[in-house]
Amino acid sequence: MSARPLTKNEAKRLVAAAGNTRTAERDTLLVLLCMTSGLRIGECCSMKVSDCFDSRGRVRKQFSLDAKRTKSNKTREVYLHPEAVRALHEYISVKKFKSPTAPLLEGQRGNKNIHSNSGQVIVKQLMEDAGIENNSSHALRKTCATMLRRSGADLALIQSVLG
């Protein structure tokens, strides 16, 4: 199955579906980080609290993802879209973290990051719940690239954002 970018309507339905789960804040954050920042599921699932929050607990609008957590094995700058920032604020309003090195998106046991396979399963289920057929989690990255291109970003910028 080949991933294709989501339409605006599909993207809205996907975010709405994420908001209707038992772990709504986490799932919404996962979807928005991937769809608006171009993160791969594995990159998103490897994030720590300190990636998105400074020492005072303020949301960072930009951060570096170190090389060992990227597919390309290169450090990557990540820019947070205002919707992702809003989702981070909602997430921390219900989630208390033990330390800055704690996983941002915790798995069921609460002390480890969601495994990337679990992240893919979550997104796949959300797509089904939103009535989006024949697509994969990679569609979120393609949606990010498409949104950037439609807003006038040049290809070099899109390539940089996607890492």
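Below is a summary of the structure that appears in this document.

## Remarks on the pairing of strand S1 (residues 62-65)
Side chains of S1 alternate between two faces, with Phe63 and Leu65 buried and Gln62 and Ser64 left unburied. Bridge analysis of S1 against strand S2 (residues 76-79) gives 4 bridges, and the strand direction is antiparallel. Its bridge partner lying in S2, Phe63 is registered against Val78.

## Thoughts on the pattern of salt bridges
This structure, assessed with the given rule, holds 8 salt bridges. One salt bridge in this structure joins Arg40 and Glu43, with 2.8 Å as the shortest N-O distance. Here Arg40 and Glu43 have matching classes, each one buried. Where Arg76 meets Glu43, a salt bridge forms, and the shortest distance between an N and an O atom there is 2.5 Å. Residue Arg76 is found in strand S2, and its partner Glu43 is found in helix H3 (residues 41-45); the two are separated by 33 residues along the sequence. Glu43 matches Arg76 in its accessibility class, with the two residues each being buried.

## Overview of the packing of helix H2 (residues 24-37) against helix H6 (residues 116-129)
At their nearest, the axes of H2 and H6 sit 11 Å apart, and the two run at 95 degrees to each other. The angle between H2 and H6 places the two elements in the roughly perpendicular class. Residues Arg26, Asp27, Leu30 and Val31 of H2 touch H6, and the partners they reach there are Gly119, Ile122, Val123 and Leu126. In the contact of H2 with H6, the residues fall into 5 nonpolar, 1 polar and 2 charged.

## Some words on the side chain of Glu10
Relative to the helices and strands, Glu10 is located in helix H1 (residues 8-18). Relative accessible area serves as the criterion here: at 10%, Glu10 is assigned to the buried category. For Glu10, the side chain forms a polar contact with the side chain of Arg4, separated by 2.8 Å. With residues up to four places along the chain from it excluded, the contact list for Glu10 reads Arg4, Pro5 and Ile132.

## Structural notes on helix H7 (residues 138-150)
Between its terminal C-alpha atoms H7 stretches 19 Å, which fits the 18 Å expected from 13 residues at 1.5 Å a residue. Of all the positions in H7, only Ala139, Leu140, Arg141, Thr143, Cys144, Ala145 and Thr146 are classed as buried. Directly beyond the C-terminal end of H7, a positive phi value near 100 degrees is found at Gly152.

## Here's the deal with the side chain of Arg26
With respect to the helices and strands, the residue Arg26 is situated in helix H2. Of the residues examined, Arg26 reaches a relative accessible area of 15% and is grouped as buried. Side-chain polar atoms of Arg26 contact the backbone oxygen of Glu106, separated by 3.2 Å. The residues contacting Arg26, other than those within four sequence positions of it, are Tyr91, Leu105, Glu106, Ile114 and Ile122.

## Looking at the nonpolar core
Counting residues in each nonpolar core, the largest one holds 43 residues, and the members touching the most others are Leu30, Leu33, Met47 and Leu104. Elements supplying a minimum of two residues to this core: H1, H2, H3, helix H4 (49-52), S1, helix H5 (82-94), H6 and H7. Counting residues per element, this core draws most heavily on H2, which supplies 7 residues. Leave out the neighbours within four places in its chain, and Met47 touches Leu33, Leu39, Cys52, Phe63, Leu65, Arg69, Pro103, Leu104, Leu105 and Asn113. Cys144, Ala145, Ile158 and Leu162 belong to the second-largest nonpolar core, a separate cluster that totals 6 residues.

About the thresholds
Residues numbered from 1 in each chain as written. Predicted model: local features only at pLDDT ≥ 70, side-chain atom pairs only at ≥ 80, totals over all residues. Heavy atoms only, no water. Buried < 20%, exposed > 50% of the residue type's maximum accessible area, 1.4 Å probe, protein only. Helix = DSSP H or I, 4+ residues; strand = E, 2+ residues; numbered from the N terminus. Pairing = 2+ DSSP bridges. Salt bridge = Lys/Arg side-chain N within 4 Å of Asp/Glu carboxyl O. Axes fitted to C-alpha atoms, helices over the stretch in contact; angles between N-to-C directions. Parallel < 35°, antiparallel > 145°, perpendicular 65-115°, else oblique. Contact = heavy atoms within 4.5 Å. Nonpolar A, V, L, I, M, F, W, Y, C, P; charged D, E, K, R; others polar. Polar contact = N/O pair within 3.5 Å; in protein donor to acceptor, adjacent residues only side chain to side chain. Expected span 1.5 Å × (residues − 1). Core = buried A, V, L, I, M, F, W, Y, C linked by side-chain atoms within 4.5 Å.

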